[in-house]
Each structure stands twice: as structure tokens, then as C-alpha cells.
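Given next are the chains, with one letter for each unit.
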Amino acid sequence: MMNALQAIGGKWKLLLLDSIRKECPKRFGVLRRELEYITHSTLTAQLRELERDGILVREVFPEVPPRVEYKLTELGKKLIPVMDALCLWGEEYRRGK
């Protein structure tokens, strides 16, 4: 359990992963707009941690302005059923079951 929490725990990582899995790849600017309450530096730090842990891959396109996209790795894709289960549990919890 601790290994999983170290990799995906915290306030923002599951929200980031959920957004990226719904539209993959996802551009940095789109993530920034979707998660309007996260600061630029926190978003960058969380994405770098997910990349460091092998859950996301970051691709930089040599354009002006630079375009940066994030997508799930094969390891990251294995989290999709886990996130689906958490979403289902959350809906049931909200309904009071």
C-alpha cells in the first residue's frame, strides 16, 4: 500500500491522472486550465514526480511556443481500472451506500 501511496498519493496526482486518461495525450496548458486551483509550480512538480515514477511520459515539441504533452505509460495505463473503481466507490459513497 505504501508504494502505491508514494507514487499516486497527494492532493493532485489522481486528478491529474484522471484528466490525462480521459484525453491522452494532454497538453500542459489544458491541464492548467482544467485544474484551475493548482499553482503552476505545483502542477509542474506533480507531473515531474509522475514522470520520474514511470507513470507518465512527457514529450516536448520543438515549436514556438513550445508544446508539451503528457501521456500514460504502460505502467500508468494499469491504473485505469483502479481509478474506475475509485470513481464508482465515490459515487456510491456520495449516494450514501
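Everything that follows concerns the structure shown earlier in this document.
Residues numbered from 1 in each chain as written. Predicted model: local features only at pLDDT ≥ 70, side-chain atom pairs only at ≥ 80, totals over all residues. Heavy atoms only, no water.

S.K.: Mind showing me how you'd approach helix 6 (residues 80–95) here?
M.R.: Note that an α-helix has 3.6 residues per turn; residues three or four places apart therefore point the same way. For helix 6, with 16 residues, the first-to-last C-alpha span of 23 Å sits near the 22 Å given by 1.5 Å per residue. Glycine 96 sits one or two positions beyond helix 6 and adopts a positive phi of about 90°. (Helix = DSSP H or I, 4+ residues; strand = E, 2+ residues; numbered from the N terminus. Expected span 1.5 Å × (residues − 1).)

S.K.: Mind showing me how you'd approach unusual backbone geometry here?
M.R.: A negative phi angle characterises most non-glycine residues, just as the trans form characterises most peptide bonds. Looking along the chain, the bond that leaves cysteine 24 and enters proline 25 is cis, with omega of 5°. In this fold, proline 25 is placed in the loop between helix 2 (13–22) and strand 1 (26–27). A cis geometry characterises the amide bond from valine 64 onward to proline 65, with omega recorded as -5°. Mapped onto the secondary structure, proline 65 falls in the loop between strand 2 (56–61) and strand 3 (67–72).

S.K.: Please clarify how the packing of aromatic side chains should be interpreted in this entry.
M.R.: How two aromatic rings sit relative to each other is set out by the distance from centre to centre and by the angle between their planes. The final tally for this structure, using the stated rule, is one aromatic pair. Judged by centre distance (5.2 Å) and plane angle (15°), the rings of tryptophan 89 and tyrosine 93 are stacked. Here tyrosine 93 and tryptophan 89 lie together in helix 6, a separation of four residues that amounts to about one turn. The same class applies to tryptophan 89 as to tyrosine 93, namely exposed. In this structure, arginine 67 packs its charged tip against the face of phenylalanine 61, placed 3.7 Å from the ring centre. (Phe/Tyr/Trp six-rings, centres within 6.5 Å; stacked < 30°, edge-to-face > 60°. Buried < 20%, exposed > 50% of the residue type's maximum accessible area, 1.4 Å probe, protein only. Lys NZ or Arg CZ within 6 Å of the ring centre and 35° of its normal.)

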